[in-house]
Amino acid sequence: MKILPLTVAAVSVSSLLIGCSTFWPNDDLHSDTHDVAVVPAVGQVPQRVELEQAWDDKTRMKFWYTSQGARILPYTWFTWLEQADNDQLFRSAEHMESLRYLPMNASPENPAGLPIGFALASDNKSGEAWMGMTCAACHTNQVDYNGTKMLIEGAPTLGNFVLFYSKLVSALNATQMDDQKFDRFARKVLDAEYSESAAVQLRSRLQEVAMKAAERQVVNNLPADYPQDFTSYARLDAFGNIQNAGSAFALHDLNNGNAPTAPVSYPFLWGTHQSDVVQWNGSAPNTPVVGPLVRNIGEVVGVFGGLEIEKAPFWQRLWGKQTRYSSTVDMIALGHLESWVKALRSPAWPTQYLPPVDISKAAQGAVLYQRECAGCHQVIPRAKEGDKYKAVMNSVAMLGTDPATAWNADYHMAKSLILEGEKSKILVGDRFEETTAAISIPVNGVVGVVLKDPLTALKAGMIPMRSGDKSVQKNSESLVSLAQQHVEARQKIQNAKKLNSDNSLLKSNVRDLSNLQYKARPLNGIWATAPYLHNGSVANLWELLQKPEARSKSFWVGSREFDPINVGFVVDTGMTEFRVLKDSGEIMPGNSNLGHDFGTQLNDEQKWTLVEYMKTL
């Protein structure tokens, strides 16, 4: 374990973004924004320790700051944007920490001293530098204990994306409305090129960008009867955002979205590449080459990946091409990011920073775990974490946990618009009717992006295989064949569930949960991933072993301070209060902490041994 330095050795932006595939040695990652000036970070960046997770310093830095193609704002805009209600910079360490993103110092890889996962990208046409999130923003966390700050790679963030975006929209609006605030912004952004005419042009463009940002916020707003802090810290309805990125934004109909009412805890990344399926509902198959690429493109689409689905030009329609797809997604970068995730390993309980595990109790707990838990959450020895595994899928009705995520993923509907009559998966699948499952629109878009540039997609998909998957290395099938295998595997998952197509169910409060599923995965490193259950409704492992009806109905979230006894974060202080119940006393849809009653019949002594054992996973 090492102490993370407060500064990073100076290297060029282009030399950071390396990691070429053995299959295409000249296909290095690169950036066209070499001239982005390094400016000092604002505020104090904490000193952290890093745990052994099979990454070296170069891999860690590349994972943090390799752009995946998401674009939120021009990079210099975000560098100099002030907060809405004061003249402090939005990117200040104090402000970003309040949103629970992880401040870092400035470096050539991170010129503006932005938090982990806020990456620099270049527009392929204009060369303009953009800021967009990458995987690390949502899958890196900091765990504090007795003054030691531990950085956990691949762990679920405590970040509050909805609050971040709300404050960003407010800051953009305030900047374009307030003359003095705009003048400070314009002089910093334009620098030596400042003039009155240039400032006027900048303000016009700022208004356009602010409007687009506000539209995105409105489309993803919650219904009026949901509390303002419903999504809050440590969770997000990623599925809902991806659905709307396809149905509302890619198809250019802002009324064609669904409210993202099913936020989930961000999943941990170690073991993701090795699983046969991904997502909380197991809906995405990890088929060779194409599976991880499609999964990652879908993730980028949900975080400003610029997906566009449009009617093909007349001359293309003459020979059968009906639809045109485009996106800002960087597929080669995604291939490299996946290769690093493939190598990531879970963090072992750090006995030099946390109280040591009671081995005697843990041994007793191991026996109980095999009886109570291992049927779903298989035990994978650390030496075999790189091996593939088959996840266990469980019925939502059997589990008794909150069904909102699985229900929304399958039953949110949207208009097909220009896709009506097209094959839902382009290569296979039923043709789109007038209305369709909302998730099928971004799935169609992602497949379209992959097939638009098959050589690049194949290169990107093969990059993670450089570490020795010989069965794939020898595979001579075309990308089209691999893509067809993927969409057929996805269709097989959907067919197995035999979704109820009775639209009357969609218009009532009656929900047939029998065909909905959630994924159970190995619990390696589970100690570092609180809060628990898919929707983050249970604060710690001790609470998870209580009878469902006895679990806490509220607790504070957003604290980084670790509780090594109950195994989770402290719950008596934080940023906002998670509440299971409405003011009326009813369970808030999306927030139920019921179900998953495995092990809850044990006595307290047995439960404590089980908690102690789970520290060792």
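A quick note: this is a predicted structure, and the numbers were derived from the prediction, not measured. (Residues numbered from 1 in each chain as written. Predicted model: local features only at pLDDT ≥ 70, side-chain atom pairs only at ≥ 80, totals over all residues. Heavy atoms only, no water.)

## Notes on the overall build of the protein
Next, step 1: Secondary structure assignment for the protein yields 22 helices and 21 strands.
Next, step 2: Here the protein, with 617 residues, has 57% of them falling under the buried criterion.
Next, step 3: Across the protein, the fraction of contacts at a sequence separation of at least 24, relative to all contacts at a separation of at least 6, is 74%.
Next, step 4: With an accessible surface of roughly 25700 Å², the protein has 52% of that area assigned to carbon and sulfur atoms. (Helix = DSSP H or I, 4+ residues; strand = E, 2+ residues; numbered from the N terminus. Buried < 20%, exposed > 50% of the residue type's maximum accessible area, 1.4 Å probe, protein only. Contact = heavy atoms within 4.5 Å. Areas by Shrake-Rupley, 256 points an atom, 1.4 Å probe, with all protein chains shown as cover.)

## Points about the packing of aromatic side chains
Next, step 1: This model, assessed by the stated rule, comprises 24 aromatic pairs.
Next, step 2: Put simply, the rings of Phe-78, Phe-90, Tyr-101, Phe-118, Phe-161, Phe-164, Tyr-165 and Phe-304 touch in pairs and so form one group of aromatic residues.
Next, step 3: Directly above the ring of Phe-304 sits Arg-216, whose terminal nitrogen or CZ lies 3.9 Å from the centroid.
Next, step 4: Positioned above the aromatic ring of Phe-268, the side-chain terminus of Arg-521 is 3.8 Å from the ring centre. (Phe/Tyr/Trp six-rings, centres within 6.5 Å; stacked < 30°, edge-to-face > 60°. Lys NZ or Arg CZ within 6 Å of the ring centre and 35° of its normal.)

## Points about a negative patch on the surface
Next, step 1: A cluster of like negative charges, contributed by Glu-420, Asp-430, Glu-433 and Glu-434, occupies part of the molecular surface.
Next, step 2: Its location among the elements puts Glu-420 in the loop between β15 (413-415) and β16 (435-437).
Next, step 3: You can call Glu-420 partly exposed: its relative accessible area is 45%. (Patch = residues over 30% accessible without salt bridge, like charges linked within 9 Å, V, L, I, M, F, W, Y side chains within 5 Å. Salt bridge = Lys/Arg side-chain N within 4 Å of Asp/Glu carboxyl O. Lys, Arg positive; Asp, Glu negative; His and termini not counted. Charge placed at Lys NZ, Arg CZ, Asp CG, Glu CD.)

## Some thoughts on the nonpolar core
Next, step 1: Core analysis: the largest hydrophobic core is formed by 134 residues, its most contacted members being Phe-63, Phe-118, Phe-164 and Leu-168.
Next, step 2: With residues up to four places along the chain from it excluded, the contact list for Leu-168 reads Ile-72, Leu-73, Phe-78, Leu-81 and Phe-90.
Next, step 3: Counting residues in hydrophobic clusters, the runner-up holds 7 residues, among them Val-396, Leu-399, Trp-407 and Tyr-518. (Core = buried A, V, L, I, M, F, W, Y, C linked by side-chain atoms within 4.5 Å.)

## A short note on the side chain of Asp-144
Next, step 1: Considering the arrangement of structural elements, one finds Asp-144 in strand β6 (residues 140-145).
Next, step 2: There is a polar contact of 2.9 Å between the side chain of Asp-144 and the side chain of Gln-142. (Polar contact = N/O pair within 3.5 Å; in protein donor to acceptor, adjacent residues only side chain to side chain.)

## Section: the sheet that holds strand β5 (residues 129-133)
Next, step 1: Strand order in the open sheet formed by 3 strands is β3-β5-β4, and the pairing between neighbours is antiparallel. The sheet terminates laterally at β3 (73-74) and β4 (118-122), the two strands that pair on one side only. (Pairing = 2+ DSSP bridges.)

## Side note on the packing of helix α8 (residues 196-219) against helix α9 (residues 238-250)
Next, step 1: Between α8 and α9, whose axes approach to 11 Å, the crossing angle comes to 115°. In this structure, the crossing between α8 and α9 has a hand that is right-handed. Here α8 contributes Glu-215, Arg-216 and Val-219 to the contact with α9, which in turn contributes Asn-241, Asn-244, Ala-248 and Phe-249.
Next, step 2: For the contact of α8 with α9, a count of residues per class yields 3 nonpolar, 2 polar and 2 charged. (Axes fitted to C-alpha atoms, helices over the stretch in contact; angles between N-to-C directions. Left-handed = near helix turned anticlockwise from the far one by under 90°. Nonpolar A, V, L, I, M, F, W, Y, C, P; charged D, E, K, R; others polar.)

## Topic: the pairing of strand β18 (residues 554-557)
Next, step 1: Going residue by residue along β18, you find Phe-555 and Val-557 tucked away on one face and Ser-554 and Trp-556 left uncovered on the opposite face.
Next, step 2: The sheet contact formed by β18 and strand β21 (residues 576-579) spans 4 bridges and is antiparallel. Each bridged residue has a counterpart across the sheet, and for Val-557 the counterpart in β21 is Thr-576.

## Side note on empty space enclosed by the protein
Next, step 1: Throughout the structure, instances matching the rule amount to 7 cavities of 30 Å³ or more.
Next, step 2: Size it by volume and the largest cavity reaches roughly 970 Å³.
Next, step 3: In terms of lining residues, the largest cavity is bounded by 44 residues, among which Ala-238, Ile-242, Gln-279, Arg-295 and Glu-299 are the most central.
Next, step 4: Residue assignment for the lining of the largest cavity shows that the elements contributing at least two residues are α5 (135-138), α9, β9 (264-265), α10 (290-302), α12 (331-343), α16 (440-452) and α19 (479-497).
Next, step 5: The greatest single-element share of the lining of the largest cavity, amounting to 7 residues, is contributed by α10.
Next, step 6: Size it by volume and the second largest cavity reaches roughly 590 Å³.
Next, step 7: If you trace the second largest cavity, you find 30 residues lining it, with Trp-280, His-377, Leu-523, Leu-533 and His-596 closest to the centre.
Next, step 8: Counting residues per element, the ones that place at least two in the lining of the second largest cavity are β17 (517-520) and α21 (541-544). (1 Å grid on protein atoms, 1.4 Å probe; cavity = no way out; pocket = protein on both sides within 12 Å on 5 of 7 lines; lining within 4 Å. Points joined across faces, edges and corners; volume = space filled by probe spheres on them.)

## As for unusual backbone geometry
Next, step 1: Here Ala-530 and Pro-531 are connected by a cis peptide whose omega angle stands at 0°.
Next, step 2: Within the secondary structure, Pro-531 is located in the loop between β17 and α21.
Next, step 3: Not every positive phi belongs to a glycine, and Asp-191 is a case in point at roughly 50°.
Next, step 4: Mapping Asp-191 onto the fold places it in the loop between α7 (179-190) and α8.
Next, step 5: On the basis of relative accessible area, Asp-191 is assigned to the exposed category, the value being 58%.

## Points about the packing of helix α6 (residues 161-177) against α8
Next, step 1: Relative orientation of the contacting elements α6 and α8 amounts to 150°, with a least axis distance of 9 Å. Between α6 and α8, the angle falls in the class roughly antiparallel. The crossing of α6 and α8 is left-handed. For the pair formed by α6 and α8, the contact residues are Tyr-165, Ser-166, Val-169, Leu-172, Thr-175, Gln-176 and Met-177 on the first element and Arg-203, Leu-206, Gln-207, Ala-210, Ala-213, Ala-214, Arg-216 and Gln-217 on the second.
Next, step 2: Across the contact of α6 with α8, the residue classes tally to 8 nonpolar, 5 polar and 2 charged. (Parallel < 35°, antiparallel > 145°, perpendicular 65-115°, else oblique.)

## Quick notes on the pattern of salt bridges
Where side chains of opposite charge bring their charged atoms close, a pairing between them can arise.
Next, step 1: Applying the stated criterion across every chain, the model contains 19 salt bridges.
Next, step 2: Notably, a salt bridge pairs Asp-229 with Arg-579, separated by 3.1 Å at the nearest N-O pair. Within this pair, whereas Asp-229 is found in the loop between α8 and β8 (235-236), its partner Arg-579 is found in strand β21, the two being separated by 350 residues in sequence.
Next, step 3: Between Lys-390 and Asp-276 there is a salt bridge whose closest N-O contact spans 3.5 Å. Taken together, the residues span a long stretch of sequence, with Lys-390 in the loop between α13 (359-372) and β14 (392-395) and Asp-276 in the loop between β9 and β10 (277-278) at a distance of 114 residues.
Next, step 4: The exposed category is assigned to Lys-390, whose relative accessible area is 62%.

## Some details on the state of the cysteines
As used here, a disulfide is simply a covalent bond connecting the sulfur atoms of two cysteines.
Next, step 1: Inspection of every chain in the model, using the stated rule, returns 0 disulfides.
Next, step 2: Cys-138 forms no disulfide, and the closest cysteine sulfur to it belongs to Cys-135, at a distance of 8.7 Å.
Next, step 3: The class for Cys-138 is buried, based on a relative accessible area of 13%. (Disulfide = S-S within 2.5 Å.)

## Section: the environment of Phe-230
Next, step 1: Looking at the secondary structure, you find Phe-230 in the loop between α8 and β8.
Next, step 2: If we skip the residues at most four places from it in the chain, Phe-230 touches Leu-222, Arg-235, Thr-261, Pro-263, Met-588, Pro-589, Gly-590 and Asn-591.

## A word on the confidence of the model for the protein
Where the model shows low pLDDT, its predicted coordinates should not be examined in detail.
Next, step 1: Across the protein, pLDDT averages 89, with 89% of residues at or above 70.
Next, step 2: Per-residue pLDDT stays below 50 along residues 1-28; that stretch engages in 71 contacts with residues further than four places along the chain or on separate chains.
Next, step 3: Across residues 499-508, confidence stays below pLDDT 50; counting only partners more than four residues off in sequence or on other chains, it has 14 contacts. (pLDDT = per-residue confidence, 0-100.)

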